[in-house]
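Topology and contacts: notes
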Amino acid sequence: MSIFSENIRLLRGKLGKTQRELSQQIEITPSRYSSYENGRSKPPVEILIKISRMFHVSIDLLLSIDLTKYSLEDMLKLPDNRIVLPVVVDQNGDESIEIVPQKASMGYLNGYSDPEYIESLQRISLPFLKNGKFRAFPADGDSMPPFKDGSFIIGKYMEGLNDLKSGNTYVFITLNDGITYKRLKSKNKNSITVSADNTFYEPYEIPFGEIVEVWQYASGIFPENF
């Protein structure tokens, strides 16, 4: 039996669903779905995409990683569920801080897991930021003073949502809103509630399923005095 077969059998068990129920969700016959779990056949690309979206697990992991060796509960909280974060090092082997420019902020959603895209970004080094992976994101608007257009938030990469603490500020990379910098108010069952420091803006919820990366505030870069 293939890794893929074992993985979808494991994931179905976690959901507590029957083969018939899942086959209906992806619009195939129960016998066809059963053949995938038993390793008798392999799904075409369009079915593989449906299975990936149904389980909220990337195709790469479904096909190549034995999911029994990892904590599914932690992995599934971020739909991208990467095991390795693409990083860039300098000629001495030290990690650099990649800068995501304003004009490329929406493109980050398409390239955040692509090592070639990350390597193409401009980089800086700040010796006082250690013990973690850091990245600089553009600020936008007036919701989080003193940050405004032209300034950057440097964030430290968070491995999962369990480590988030109410009251701290984070850069959230989300499917619908792209890059957003907000303060965490609370963690709910299936979402988080965030707020702006500018009280003109109302708090709002971000479903776990929309979050692809979280970076905790570590420092800031300002083009002028504030």
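Each chain carries its own residue numbering, running from 1 in the direction its sequence is written. Side-chain atom pairs in this predicted model are given and counted only at pLDDT of 80 or more, local residue features only at pLDDT of at least 70, and totals for whole chains, interfaces and linings cover all residues. Side-chain measures here rest on the full set of heavy atoms in the structure, leaving out hydrogens and waters.

**Considerations on helix 3 (residues 30-37)**
The condition is simple: Buried means the residue's accessible area, taken with a 1.4 Å probe over protein chains only, is under 20% of the maximum for its type, while exposed means over 50%, and partly exposed covers the values in between. Note on conventions: DSSP H or I runs of at least 4 residues are helices, E runs of at least 2 residues are strands, and numbering of each starts at the N terminus.
Listed in full, the buried residues belonging to helix 3 are Tyr 33, Ser 34, Ser 35, Tyr 36 and Glu 37. Positive backbone phi, approximately 80°, marks Gly 39, located one or two places after helix 3.

**Some thoughts on the packing of helix 1 (residues 3-15) against helix 4 (residues 45-55)**
For clarity, the threshold we go by: All axes here are fitted lines through C-alpha atoms, helices being fitted over the stretch that makes contact, and every angle between N-to-C directions spans 0 to 180 degrees. It is the rotation of the near helix from the far one that decides the hand of a crossing: anticlockwise by less than a right angle makes it left-handed, clockwise makes it right-handed. Contacts were defined at the residue level, with two residues in contact if any of their heavy atoms lie within 4.5 Å. Each residue receives one of three labels: charged for Asp, Glu, Lys and Arg, nonpolar for Ala, Val, Leu, Ile, Met, Phe, Trp, Tyr, Cys and Pro, and polar for the others, Gly being one of them.
It is the contact of helix 1 with helix 4, at a shortest axis distance of 11 Å, that shows an interaxial angle of 35°. In the crossing of helix 1 with helix 4, the sense of the turn from one axis to the other is left-handed. Across the interface between the two elements, Phe 4, Ile 8, Leu 11, Arg 12 and Leu 15 of helix 1 pack against Leu 48, Ile 51 and Phe 55 of helix 4. A breakdown of the residues in the contact of helix 1 with helix 4 according to their chemical character gives seven nonpolar, no polar and one charged.

**Focus: the environment of Asn 38**
The following threshold applies: Pairs of N or O atoms within 3.5 Å make up the polar contacts considered here, provided that, within protein, one atom can donate a hydrogen while the other can accept it, and that residues adjacent in sequence are counted only when both atoms are side-chain atoms.
Turning to its location among the elements, Asn 38 is positioned in the loop between helix 3 and helix 4. The class of Asn 38 is partly exposed, set by a relative accessible area of 31%. Residues Asn 38 and Ile 8 lie 30 residues apart in sequence; the distance between their C-alpha atoms is 10.0 Å. There is a polar contact of 3.1 Å between the side chain of Asn 38 and the side chain of Arg 9.

**Regarding the packing of helix 1 against helix 3**
Rule in force here: Here the angle decides the label: under 35 degrees means roughly parallel, over 145 means roughly antiparallel, 65 to 115 means roughly perpendicular, and every other value means oblique.
Contact geometry for helix 1 and helix 3: axes closest at 7 Å, N-to-C directions at 120°. In this view, helix 1 runs oblique relative to helix 3, as classed from their interaxial angle. The residues of helix 3 that touch helix 1, namely those facing Phe 4, Ser 5, Ile 8, Arg 9 and Arg 12, are Tyr 33, Tyr 36 and Glu 37. Partitioned by chemical class, the residues of the contact of helix 1 with helix 3 number four nonpolar, one polar and three charged.

**Some thoughts on the side chain of Ser 23**
Position of Ser 23 relative to the elements: it lies in helix 2 (residues 19-25). Judged by relative accessible area, which is 0%, Ser 23 ranks as buried. Not counting the four nearest positions on each side in its chain, Ser 23 is found in contact with Ile 28, Thr 29, Pro 30 and Tyr 33.

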